[in-house]
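Overview (structure and organization)
In case you want the letters, here they are:
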Amino acid sequence: MNTGPHYRDEAIGGASSNYRPTVVRKRETRRTFSLYSAMKRTVDLIGSLTGLVLISPMLAVAAALIKWEDPQGPVIFRQTRIGKDGKPFCMYKLRSMYTDAEDKLKELLDRNEINGAMFKMKEDPRVTKIGRFIRKTSIDELPQLFNVIKGEMSLVGPRPPLPREVEEYTERDKRRLSVTPGCTGLWQVSGRSSLSFKEMVELDIAYIEKRCLWFDLKIMLRTFKAVAGSRDAF
């Protein structure tokens, strides 16, 4: 009695039936992610363009005050940050520090108030008087909307790190670089400067694993509330 073909067909059929749902699920996941990426980019463009129109008077006033306090330096501070997949880009901010701030950083590293690959200091002597206000209200971050328009950043995502910070990253920390960095994110609305570097990484990874359009919108709404309170910014 020849049972070989029967068992072989049954085995092939069984493998195929188990394989097809897996392939379908992967295709559906890719399709869902592609749709999310397209919708996220649309929200980024509409949100950043609308935001720039609405905040342009505020930016003009802030720029005048920055120039009034420290006439020697530029209004816009340009800094190299690390974006998605480790690609460097030039990030824009309103200048909140004196022009020699980068030179003085080495003198202050031992006074870092956050453990890990990031520098934060509540009473940073490099920050100007106007700088303290625009940092506390996050006005200094608004020029990053230009980075969003250019596709270097998103409205929501992990904050883009400095090159020197990435040099100290562990493999787990580098997961932050797997997505486009954002102007705001889960870290900012969960405690911001009051959290440790490790807590920030875990929040960023949690965002990466859960990200969807509704989650992004929820974070943006929480950002407005956090900025209104502004107790954790420095």
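Within each chain, residues carry numbers counting from 1 in the order of the written sequence. The predicted origin of the model limits local features to residues at a pLDDT of at least 70 and limits the giving and counting of side-chain atom pairs to 80 or more, whereas totals for whole chains, interfaces and linings rest on all residues. The side-chain numbers reported here are obtained from all heavy atoms of the structure, hydrogens and water having been left aside.

1. Considering the overall build of the protein
When helices and strands are counted, the protein shows seven helices and four strands. Helix numbering and strand numbering both begin at the N terminus, where a helix is a DSSP run of H or I of at least 4 residues and a strand a DSSP run of E of at least 2. Its helices and strands taken in sequence order, the protein reads α-β-β-α-α-α-β-α-β-α-α from the N to the C terminus. Remark: exposure states derive from per-residue accessible area (1.4 Å probe, protein chains only) relative to the maximum for the residue type, with buried under 20%, exposed over 50%, and partly exposed in between. Looking at the protein residue by residue over its 234 residues, the buried ones come to 41%. Here the analysis covers contacts within the protein between residues at least 6 apart in sequence; of these, 70% occur between residues at least 24 apart. Of the accessible surface of the protein, which amounts to about 13900 Å², a share of 59% is contributed by carbon and sulfur atoms. Contacts are residue-level and defined by heavy atoms, with any inter-residue pair within 4.5 Å sufficient. Note on areas: Shrake-Rupley with a 1.4 Å probe; residue coverage comes only from the protein chains shown.

2. A few points about a nonpolar patch on the surface
A contiguous nonpolar patch, built from Val61, Leu65 and Trp68 and spanning about 350 Å² of accessible area, is present on the exposed surface. As for its position among the elements, Trp68 is in helix α1 (residues 4-69). Each patch is built from residues lacking any salt bridge and having more than 30% relative accessible area; the joining distance is 9 Å for like charges and 5 Å for nonpolar side chains (Val, Leu, Ile, Met, Phe, Trp, Tyr). Each salt bridge in this description consists of a side-chain nitrogen of Lys or Arg and a carboxyl oxygen of Asp or Glu lying within 4 Å of one another.

3. As for the side chain of Asp70
Take Asp70: it is sitting in the loop between α1 and β1 (76-82). For Asp70, a relative accessible area of 11% corresponds to the buried category. Under the rule applied, a polar contact is a pair of N or O atoms within 3.5 Å (in protein, one hydrogen donor and one hydrogen acceptor; residues adjacent in sequence only if both atoms are side-chain atoms). Side chain to side chain, Asp70 and Arg95 meet in a polar contact 2.9 Å long. Discounting residues that sit within four places of it in the chain, Asp70 has contacts with Arg95, Tyr98 and Thr99.

4. What about the side chain of Asn147?
Within the secondary structure, Asn147 is located in helix α4 (residues 144-149). Here Asn147 is in contact with Phe89, Cys90, Met91, Tyr92, Glu152 and Met153, once residues within four sequence places are set aside.

5. Describing the pattern of salt bridges
Using the criterion set out here, one finds ten salt bridges in the structure. A salt bridge links Asp70 to Arg95, with the nearest nitrogen and oxygen atoms 2.9 Å apart. Linking Asp70 in the loop between α1 and β1 with Arg95 in the loop between β2 (88-94) and α2 (101-108), this pair joins segments that are 25 residues apart in sequence. Among the residues examined, Arg95 registers a relative accessible area of 5% and is labelled buried. Here Glu171 ties to Lys174 by a salt bridge, and the two come within 3.4 Å at their closest N and O atoms. Look at Lys174 and you get partly exposed, because its relative accessible area is 38%. A cluster of three or more residues bridged by salt bridges with shared partners is formed by Lys93, Asp140, Glu141 and Arg159.

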